[in-house]
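# A structural walkthrough
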Amino acid sequence: QVQLVESGGGLVQAGDSLRLSCAASGRSWNNYAMAWFRQAPGKEREFVAVIVWNSGTTYSPDSMKGRFTISRDNAKNTVYLQISTLKPEDTAVYYCAARLSSYGSMWRDKDRYDYWGQGTQVTVSS
């Protein structure tokens, strides 16, 4: 079974750091790009960052740069999202997603992603 399983979320206080993990399994991910999205209650699912599996090339929107860092461990088939200086507005369900890298560079379009994890809840208290 192809699976993306997020972990690492929890309740933290503002200013803390957190590392989320996405364990990918069930297939070869060599031709895929792996991304993080987040969705707060009542809001649209929002693109956070993406990494191309083979090359390690990353992209994130300007609004996410600085506090959000995506990385991957090829040996563990795991993608990470490091979040620093957490703010209450970062509270959301964080999702891991995957799409073929050959689909192009429109990383923000959630409709282009083929696989999704179940999400992990991040709650930041003030």
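What counts and what doesn't
- Residues numbered from 1 in each chain as written.
- Predicted model: local features only at pLDDT ≥ 70, side-chain atom pairs only at ≥ 80, totals over all residues.
- Heavy atoms only, no water.
- Helix = DSSP H or I, 4+ residues; strand = E, 2+ residues; numbered from the N terminus.
- Polar contact = N/O pair within 3.5 Å; in protein donor to acceptor, adjacent residues only side chain to side chain.
- Contact = heavy atoms within 4.5 Å.
- Salt bridge = Lys/Arg side-chain N within 4 Å of Asp/Glu carboxyl O.
- Buried < 20%, exposed > 50% of the residue type's maximum accessible area, 1.4 Å probe, protein only.
- Pairing = 2+ DSSP bridges.
- Axes fitted to C-alpha atoms, helices over the stretch in contact; angles between N-to-C directions.

With respect to the helices and strands, the residue Thr120 is situated in strand β11 (residues 120-125). From its side chain, Thr120 meets the backbone nitrogen of Gly9 in a polar contact 3.1 Å long. The contacts of Thr120, once residues within four sequence positions are left out, are Glu6, Ser7, Gly8, Gly9, Leu20, Ala92, Val93 and Tyr94.

Enumeration according to the criterion identifies six salt bridges in this entry. When the shortest N-O distance is used, the salt bridge between Lys110 and Asp111 registers 3.6 Å. The class for Asp111 is exposed, based on a relative accessible area of 63%. Linked through salt bridges whose partners overlap, the residues forming this network are Arg38, Glu46, Arg67 and Asp90.

On to the sheet that holds strand β8 (residues 78-83), then. If you walk across this open sheet you meet the four strands as β1-β3-β8-β7, and the pairing is antiparallel. Every interior strand has two partners, whereas the edge strands, β1 (3-7) and β7 (68-73), have only one. Sheet twist, expressed as the mean angle between neighbouring strand axes with direction ignored, is 20 degrees. Where β1 lies against strand β3 (residues 18-25), five bridges are found, and the strand directions are antiparallel. Bridged to Gln3 within β3 is Ser25.

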